[in-house]
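Close look at the chain arrangement
Given next are the chains, with one letter for each unit.
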Amino acid sequence: PAYDLVGFYFANEAERTLHLKAFAGEPTDHTVIPFGKGICGQVAESNANFVVPDVKAQDNYIACSIYVKAEIVVPLFKDGKNIGQIDIDSHTPDPFSEADERFLEWVNEKVAEIL
């Protein structure tokens, strides 16, 4: 219920950009994100999960919709390399738990197996 937009961004290392390849939810203008920009871009550099309970509290945030209140981004690893990420936006404030992190890590493991 809290997963209002689910998207997979994949890295272009040469250009240091992320590219939205598959998503469910409202369309976004942010189909290409530079490394380091916004929550997704920060995860491309940190290789770590980033849970944002309140997007308004983040200085380095790219708004995909005025309705988004929270975001979780979990990196996608293939053969030990960060090749992209799953990005979840929520219209609900602070909806994500550690269980969501573990679930999304599991989803990414399964995605990596088929890539």
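All values derive from a computational prediction rather than experimental measurement.

Looking now at the pattern of salt bridges. Counting across every chain of the model gives five salt bridges. With a closest N to O distance of 2.6 Å, Arg 16 and Glu 45 form a salt bridge. Taken together, the residues Arg 16 in the loop between β1 (5-12) and β2 (17-24) and Glu 45 in helix α1 (residues 38-46) connect sequence positions 29 residues apart. Where Lys 110 meets Glu 113, a salt bridge forms, and the shortest distance between an N and an O atom there is 3.7 Å. Placement of the pair is Lys 110 and Glu 113 together in helix α2 (residues 98-114), with a separation of three residues, close to one helical turn. Residue class for Lys 110 comes out partly exposed when judged on its relative accessible area of 36%. A residue is classified by how much of its surface remains accessible, and Glu 113, at 58% relative accessible area, is exposed. One network of salt bridges, with partners in common, ties together Glu 98, Glu 101, Arg 102 and Glu 105.

This brings us to the sheet that holds β1. Strand order in the open sheet formed by six strands is β3-β2-β1-β6-β5-β4, with antiparallel pairing between adjacent strands. Looking along the sheet, the strands with just one partner apiece sit at the ends: β3 (32-34) and β4 (50-52). Mean inter-strand twist for the sheet, computed between neighbouring axes without regard to direction, equals 25°. Alignment of β1 against strand β6 (residues 81-90), held across six bridges, turns out to be antiparallel. Bridge pairing in β6 places Tyr 9 opposite Gln 85. Docked against the sheet, α2 engages β1, β4, β5 (70-78) and β6, running at close to 35° with respect to β5.

With the rule as written, the count across this model stands at three aromatic pairs. Look at Phe 8 and Phe 10: their rings are 6.4 Å apart centre to centre, the planes differ by 20°, and that puts the pair in the stacked class. We classify Phe 8 as buried; its relative accessible area is 16%. Taken together, a centroid distance of 6.2 Å and an interplanar angle of 25° make the contact between Phe 103 and Trp 106 stacked. Of this pair, Phe 103 and Trp 106 both sit in helix α2, separated by three residues, roughly a single helical turn. A relative accessible area of 41% means that Phe 103 is categorised as partly exposed. Exposure remark for Trp 106: the relative accessible area of 46% places this residue in the partly exposed category.

About the thresholds
- Residues numbered from 1 in each chain as written.
- Predicted model: local features only at pLDDT ≥ 70, side-chain atom pairs only at ≥ 80, totals over all residues.
- Heavy atoms only, no water.
- Salt bridge = Lys/Arg side-chain N within 4 Å of Asp/Glu carboxyl O.
- Helix = DSSP H or I, 4+ residues; strand = E, 2+ residues; numbered from the N terminus.
- Buried < 20%, exposed > 50% of the residue type's maximum accessible area, 1.4 Å probe, protein only.
- Pairing = 2+ DSSP bridges.
- Axes fitted to C-alpha atoms, helices over the stretch in contact; angles between N-to-C directions.
- Contact = heavy atoms within 4.5 Å.
- Phe/Tyr/Trp six-rings, centres within 6.5 Å; stacked < 30°, edge-to-face > 60°.

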